[in-house]
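Given next are the chains, with one letter for each unit.
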Amino acid sequence: MKQLANHLCHGGDLKIFEHESRALNCTMKFSIFLPPQAKEAPVPFVTFLSGLTCTHENFTAKANAYASAARYGLAIVAPDTSPRGDHIPDDESYDFGQGAGFYVNAQRDPWQNHFNMQDYIVEELDALICSHFPVSHEKKGLTGHSMGGHGALTLGLKYPDQFRSISAFSPIVAPSQVPWGRKAFAGYLGDDVLEWQKHDAIALMRSSGKRSNFPEILIDQGLADAFLEEQLKPQLFEKACFDVGQKLRLRMHEGYDHSYYFIQSFIHDHLAHHASILKSS
């Protein structure tokens, strides 16, 4: 790893790093906030997965998360959303290719040699953070926004022993049923819809068995979100959770849109949610 920046922030340290990724075959960047408590002992950490077109910088600069993270003693990791570079395949549209990794492992050319975001988040980045920073190896959570909300839900459901707490802002809960998800899944995974179900939060929830003993999931959604009806459809996830007994707190907010103004309005609640679960486990 190479450290690119270090800023004192709310008594903690906000650091920016780059490293060579084996999973993605390119150079990747991420930010990590270490709260003041990390100077004394390892702290729980939450990984924030960003949405379409974003890099690590969007959350780092716009979410206004670090005062609350310092209060609760949480580290926050913010990775990029896809591999980057001149040698990386790309697409002209904003919702596919670079900036739109969808947190899956691609199975089709030319994407499969680089677009392995599931392995990057779950294996490579997680191991990197745990081996280099004063964080707990057992107390980890996932959150994210839009495409990143999809990633937080699906990776959290797939790896419950690794990620103990889950939340999301405006997540794509049913990618197999909406334009963003169908385009990405067809491009990265191929035409087998059964393969798509392995990366669909609703399908994963329905196939997970009874979940009454799992921690509550928190989702916040703005009612003025331009993507709500066509792309997001949180009510479908609410039904899937009800069917298997998964506790869900779905909050619908009048007037809020899809922007980081929405995220920074409720990020404190999400960090409190993660802190409550991770510090009690």
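Structural data are supplied above this passage.
Now for a look at the structure at hand. (Residues numbered from 1 in each chain as written. Predicted model: local features only at pLDDT ≥ 70, side-chain atom pairs only at ≥ 80, totals over all residues. Heavy atoms only, no water.)

**Brief notes about the pairing of strand β7 (residues 165-169)**
Across the five residues that make up β7, a large majority, five, are buried. Residues Ser165, Ser167 and Phe169 of β7 are buried on one face, and the alternating residues Ile166 and Ala168, pointing to the opposite face, are buried as well. As paired elements, strand β6 (residues 135-144) and β7 share two bridges and run parallel to each other. In the sheet register, Gly141 faces β7, and the bridge partner there is Ser165. (Buried < 20%, exposed > 50% of the residue type's maximum accessible area, 1.4 Å probe, protein only. Helix = DSSP H or I, 4+ residues; strand = E, 2+ residues; numbered from the N terminus. Pairing = 2+ DSSP bridges.)

**Regarding the nonpolar core**
Judged by nonpolar contacts, the single largest core of 48 residues is most densely connected at Phe30, Phe102, Ile129 and Tyr188. Mapped onto this core, the elements with two or more residues apiece are β3 (26-34), β4 (43-49), β5 (75-79), α3 (117-132), β6, α4 (147-158) and α5 (179-189). Counting residues per element, this core draws most heavily on α3, which supplies eight residues. Those residues in contact with Tyr188, other than ones at most four positions away along the chain, are Phe96, Gly97, Ala100, Gly101, Phe102, Val104, Ala106, Gln107, Arg108, Trp111 and Phe115. Membership of the second largest hydrophobic core comes to 25 residues, among which are Ala70, Leu74, Ile263 and Leu278. (Core = buried A, V, L, I, M, F, W, Y, C linked by side-chain atoms within 4.5 Å. Contact = heavy atoms within 4.5 Å.)

**A short note on the sheet that holds strand β8 (residues 217-222)**
One open sheet holds the nine strands; their spatial order is β1-β2-β3-β5-β4-β6-β7-β8-β9, and the pairing between them is mixed. Bordering the open sheet on either side are β1 (2-9) and β9 (248-253), each of which pairs with just one other strand. On average, each strand axis in the sheet is inclined to that of its neighbour by 20°, with strand direction left out of account. As judged from the three bridges shared by β4 and β5, these two strands associate in the parallel manner. Residue pairing across strands places Phe45 opposite Ala75, the latter belonging to β5. Contacting β4, β5, β6, β7, β8 and β9, helix α10 (residues 260-280) crosses the sheet at an angle of about 170° to β7. (Axes fitted to C-alpha atoms, helices over the stretch in contact; angles between N-to-C directions.)

Remember, this is a structural readout, not a statement about activity or role.
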